[in-house]
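# Examining the three-dimensional arrangement
Next come the chains, spelled out residue by residue.
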Amino acid sequence: MPVEKHVVALSGGKDSTCLALMLTEREPRDYLFLCTPTGNEPEAMFAHWRKLGDLLGSPVRPVMHPGGLKGVITEQQMIPNFRARFCTRILKIEPYRAFLALNTPITSYVGLRADEEGRAGGAYGDIPGVTMRFPLREWGMTEADVWSYLDTRSVTIPRRTDCKWCFHQRIGEWYLFWSDDIDGWLEGEAIEAERNATFRSPGRDTWPVSMKGLRDAFEGGRIPKSVEREINPIRQSGACRVCTL
Ligand code: SF4
C-alpha cells in the first residue's frame, strides 16, 4: 500500500502562503509544496516562491506546461481573452490534475478561507485517491486573520503574482508593467502583432486596446489615474486572476 502524500499548491497569493506556513506549524508532516507557474509572472513572484521554500524548509517545486503562456499561445494560435480563458485550464488546472492523478493516494490542501463560503476550490476530488482539505476554513480563518498571521511571520506578498500579459489586469497595472519591464512588454507587443489580436478586450475603457497603442500613450505622458492605487493597494489577494487550485 503506497504511503499517502500531502501537497500544498502555492499560487503565491496571501491565502495559500498563509496556509502552507500554518500547516507546517499546526500539522507538521512531510509536505510537497508546488506552484504552477506560467513562466510569465514578474521576477518578484519567483523570488517570493524561493523565499517561501526557505521558510518552509522545502523548495516550492514548479509543475508546469512545458511551453508556458507563450507556448500555449503558439499551440492554440490565439491570445487568451475574457471569452477564451484556456490559459488557466491548460497551464494550471490540467498540470495539477495530472500531478495528483500520478501521486495517489494524496491529500491536496487548498487555501480557501472561512469568509469566502461561496468560492469553490479546484475540482480535483473526483480523481480516485485524491482527498481535498480546506484547513483555513476548518480553522475559521478570515482575510483579516490571514494578513495578521503573515505580519507575525514578516511575510509580504508581491504586488503582482499573476501573468504580466494577463487580459484581466487593470489599466494602472498595465502602466506599471510598461514602466517596470520594457523587455517583457515588447515581447507581448510582438505576440499581438504576430497574432493580429490583443490581450486587452475592446471597450473596457477609453485607453488604446493594443499594447503598442498603450505604449504610445504612456510614452506620450498619459498616466492612468489609478496608478497610485496600484502602487499602494488595499491588500490584494494575488495569484492567477481566474483560478484557485
Ligand atoms: S493570470 Fe491571467 S493570463 Fe495568466 S493564467 Fe491566469 S487568467 Fe490566464
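Residues numbered from 1 in each chain as written. Predicted model: local features only at pLDDT ≥ 70, side-chain atom pairs only at ≥ 80, totals over all residues.

Turning our eyes to something else, we now look at the overall build of the protein. Regarding its fold elements, the protein presents ten helices and five strands. In terms of C-alpha radius of gyration, the protein reaches 19 Å, essentially the compact-globule figure of 18 Å for 245 residues. Considered along the principal axes of its C-alpha atoms, the protein spans approximately 60 × 40 × 35 Å. Going through the 245 residues of the protein one by one, you find that 32% of them count as buried. (Helix = DSSP H or I, 4+ residues; strand = E, 2+ residues; numbered from the N terminus. Rg over C-alpha atoms; globule rule 2.2 N^0.38 Å. Buried ≥ 20, exposed ≤ 12 C-beta atoms within 10 Å, placed from the backbone.)

Looking now at the sheet that holds strand 4 (residues 106-109). Where strands meet in a sheet, backbone hydrogen bonds hold them as pairs that are either parallel or antiparallel. Spatial strand order, 3-2-1-4-5: five strands in an open sheet with parallel pairing. Unpaired on one side and paired on the other, strand 3 (61-62) and strand 5 (130-133) mark the two borders of the sheet. Summarising the sheet, strand 1 (residues 5-9) and strand 4 pair through four bridges and their orientation is parallel. Across the sheet, the residue bridging to Lys 5 is Ile 106, located in strand 4. (Pairing = 2+ DSSP bridges.)

Close contact between helix 1 (residues 14-26) and helix 2 (residues 43-56) brings their axes to 10 Å; oriented N to C, the two are set at 15 degrees. Regarding the angle of helix 1 to helix 2, the classification is roughly parallel. Note on packing geometry: the crossing formed by helix 1 with helix 2 is right-handed. Contact with helix 1, carried on its side by Thr 17, Ala 20, Leu 21 and Thr 24, involves Leu 52, Leu 55 and Leu 56 of helix 2 and no other residues of that element. For the contact of helix 1 with helix 2, the per-class residue count stands at five nonpolar, two polar and no charged. (Axes fitted to C-alpha atoms, helices over the stretch in contact; angles between N-to-C directions. Parallel < 35°, antiparallel > 145°, perpendicular 65-115°, else oblique. Left-handed = near helix turned anticlockwise from the far one by under 90°. Contact = placed C-beta atoms within 7 Å. Nonpolar A, V, L, I, M, F, W, Y, C, P; charged D, E, K, R; others polar.)

Another aspect to go through is the nonpolar core. Ranked by size, the top nonpolar core spans 26 residues in total, and within it Val 8, Ala 9, Leu 10, Leu 19, Ala 20, Leu 34 and Val 60 carry the most contacts. Where this core is concerned, the elements lending two or more residues are strand 1, helix 1, strand 2 (32-35), helix 2, helix 4 (86-102) and strand 4. What Val 60 contacts, discounting residues up to four positions off in sequence, is Leu 10, Phe 33, Leu 34, Cys 35, Trp 49, Leu 52 and Gly 53. Ile 79, Cys 87, Cys 163 and Trp 165 belong to the second largest nonpolar core, which has 17 residues in total. (Core = buried A, V, L, I, M, F, W, Y, C linked by C-beta atoms within 7 Å.)

Here we take up unusual backbone geometry. Here the residue pair Thr 104 and Pro 105 is connected by a cis peptide bond, since its omega of -5 degrees sits within 30 degrees of zero. Here Pro 105 is to be found in the loop between helix 4 and strand 4. We note that Gln 77 has phi near 55 degrees; this positive angle belongs to a residue other than glycine. Tracing the sequence through the fold places Gln 77 in the loop between helix 3 (68-76) and helix 4.

Near the ligand you find 13 residues, and of these Cys 87, Asp 162, Cys 163, Cys 166 and Cys 240 are the closest. Considered class by class, the residues forming the shell around the ligand number seven nonpolar, three polar and three charged. (Near = placed C-beta within 6 Å.)

Time to look at the packing of helix 3 against helix 4. Running from amino to carboxyl end, helix 3 crosses helix 4 at an angle of 125 degrees, the nearest separation of the two axes being 10 Å. Relative to helix 4, the element helix 3 lies oblique. Here the hand of the crossing between helix 3 and helix 4 comes out right-handed. Packed against helix 3, whose contacting residues are Leu 69, Val 72 and Gln 76, the element helix 4 presents Phe 86, Cys 87, Ile 90 and Leu 91 at the interface. Here the residues of the contact of helix 3 with helix 4 are counted per class, giving six nonpolar, one polar and no charged.

This part is about the domain arrangement of the protein. Each assigned domain of the protein is listed with its residue range as follows: domain 1 (5-152) and domain 2 (171-231). In this assembly, five residues from domain 1 lie in contact with seven residues from domain 2. Tallied by class, the residues present in the side of domain 1 that touches domain 2 amount to four nonpolar, one polar and no charged. (Domains from an automatic or database assignment.)

The next thing to look at is helix 4. Its 17 residues give helix 4 an end-to-end C-alpha distance of 23 Å, which sits within 8% of 24 Å, the value for a rise of 1.5 Å per residue. Where helix 4 bends most, at Ile 93, the angle is about 30 degrees, and the proline Pro 95 comes one to four residues later. Along helix 4, the residues that are buried comprise Cys 87, Leu 91, Lys 92, Tyr 96 and Leu 100. (Expected span 1.5 Å × (residues − 1). Bend = angle between axes of the 7 residues up to and from the residue.)

Strand direction decides the pairing type here: strand 4 and strand 5, joined by four bridges, are parallel. Paired with Tyr 109 across the two strands is Arg 133, which belongs to strand 5.

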